[in-house]
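Listed below, chain by chain, are the residues.
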Amino acid sequence: MDFGTLIQKRRSVRAYKPDPVETEKLEQILEAARAAPTAANRQAVKLMVVYTQGREDELKRIYSADWFAKAPIVICACGVPSKNWVRGDGKNYNDVDVSIVMDHLILQATDLGLGTCWIAAFDPVAAKEVLGIPEGVEPIVLTPLGYADDKPHPKKRKKIEEIVVYDRW
Ligand SMILES: Cc1cc2nc3c(=O)[nH]c(=O)nc-3n(C[C@H](O)[C@H](O)[C@H](O)COP(=O)(O)O)c2cc1C
């Protein structure tokens, strides 16, 4: 798939088939995440791969939508802010780094024909408990990973002139 098509094809999938994700595909997806850039190359990121079978009820505590744990895999992208690069004024770029890693992962998944959905509206306390995430590690975003069981809708986006400013605000 060429890059422009890939970008347009990526969408939020909110219905999944139970079909498993092939191990080679999962490995390729995780490699794409590993290749992502991070500030000062700190790579203060952890990716948790969670197989959902048999864990549906506890995963629902993290995010209650019924389609969430129907995907065969859920990936939780975590950050380790204490290990991340911090700008001189104190701004920690951990959320940005984790997001870039997740975006690489999601685009690679799309290229391999798999569905994903960024999920931020989850319960972080439940995520830490259910997934055993240690102190100092922050779950930032999750995605189900599996084959889509729905049809794409047209994308709704602002006009380009609403989001781009040239030269000076
Ligand atoms: C950081 C982030 C968090 C999101 N959190 C959720 C979420 O918790 N639940 C959900 O269903 N979709 C979530 N989304 C998906 C957005 O609603 C979706 O990307 C947007 O409506 C555009 O649709 P598209 O992804 O199909 O192009 C999130 C997206 C991003 C980038």
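Computed from a predicted model, the values in this text were never measured in an experiment. (Residues numbered from 1 in each chain as written. Predicted model: local features only at pLDDT ≥ 70, side-chain atom pairs only at ≥ 80, totals over all residues.)

### Considerations on the overall build of the protein chain
Alright, step 1. Each helix and strand in the protein chain was counted, giving 6 helices and 4 strands.
Alright, step 2. Each principal axis of the C-alpha atoms in the protein chain carries an extent, and together these give about 50 × 40 × 30 Å.
Alright, step 3. For the protein chain, with 169 residues in total, the buried portion stands at 28%.
Alright, step 4. Here the contacts in the protein chain between residues at least 6 apart in sequence split such that 79% fall between residues at least 24 apart. (Helix = DSSP H or I, 4+ residues; strand = E, 2+ residues; numbered from the N terminus. Buried ≥ 20, exposed ≤ 12 C-beta atoms within 10 Å, placed from the backbone. Contact = placed C-beta atoms within 7 Å.)

### As for the site of the ligand
Alright, step 1. Close to the ligand lie Arg11, Ser12, Arg14, Cys117, Trp118, Ile119, Ala120, Ala121, Val141 and Lys155.
Alright, step 2. In terms of residue class, the shell around the ligand is built from 6 nonpolar, 1 polar and 3 charged. (Near = placed C-beta within 6 Å. Nonpolar A, V, L, I, M, F, W, Y, C, P; charged D, E, K, R; others polar.)

### So, the sheet that holds strand β2 (residues 73-79)
Alright, step 1. Across the sheet, 4 strands lie side by side as β1-β2-β4-β3; this open sheet has antiparallel pairing. Since the sheet does not close on itself, it has two edges, and those belong to β1 (45-51) and β3 (115-116), each with one partner.
Alright, step 2. Direction of pairing for β3 relative to strand β4 (residues 138-146): antiparallel, over a ladder of 2 bridges. The partner of threonine 116 across the bridge, within β4, is leucine 145. (Pairing = 2+ DSSP bridges.)

### Digging into the nonpolar core
Alright, step 1. Counting residues in each nonpolar core, the largest one holds 33 residues, and the members touching the most others are Val74, Ile75, Ala77 and Leu105.
Alright, step 2. Those elements that place two or more of their residues in this core are α2 (23-34), α3 (56-62), β2, α4 (94-111) and β4.
Alright, step 3. Top contributing element to this core by residue count: α4, with 7 residues.
Alright, step 4. Not counting residues within four places of it along the chain, the set of residues in contact with valine 74 comprises Val50, Thr52, Leu59, Ala69, Leu142 and Pro144. (Core = buried A, V, L, I, M, F, W, Y, C linked by C-beta atoms within 7 Å.)

### Some thoughts on the environment of alanine 39
Alright, step 1. By the secondary structure assignment, alanine 39 is in the loop between α2 and β1.
Alright, step 2. Taking the C-beta count within 10 Å as the criterion, alanine 39 has 17 such neighbours and is therefore assigned partly exposed.
Alright, step 3. Taking the C-alpha atoms as reference points, alanine 39 and aspartate 97, separated by 58 residues in sequence, lie 6.7 Å from one another.
Alright, step 4. If we ignore the near neighbours within four places in the chain, the residues touching alanine 39 are Asn84, Trp85, Tyr93 and Asp97.

### Details of the packing of α2 against α4
Alright, step 1. Their axes nearest at 7 Å, the elements α2 and α4 cross at an angle of 145°. Crossing hand, α2 versus α4: right-handed. Contacts between α2 and α4 involve Gln28, Ile29, Ala32 and Ala33 from the former and Val101, His104, Leu105, Gln108 and Ala109 from the latter.
Alright, step 2. When the residues that make up the contact of α2 with α4 are grouped by side-chain class, the tally is 6 nonpolar, 3 polar and no charged. (Axes fitted to C-alpha atoms, helices over the stretch in contact; angles between N-to-C directions. Left-handed = near helix turned anticlockwise from the far one by under 90°.)

### Section: the environment of aspartate 149
Alright, step 1. Structurally, aspartate 149 is set in the loop between β4 and α6 (160-163).
Alright, step 2. With 16 C-beta atoms counted inside 10 Å, the residue aspartate 149 sits in the partly exposed group.
Alright, step 3. When the C-alpha positions of aspartate 149 and glutamine 108 are compared, they lie 19 Å apart, and in sequence the two are 41 residues distant.
Alright, step 4. Excluding anything up to four places from it in sequence, aspartate 149 contacts Ala15, Tyr16 and Lys17.

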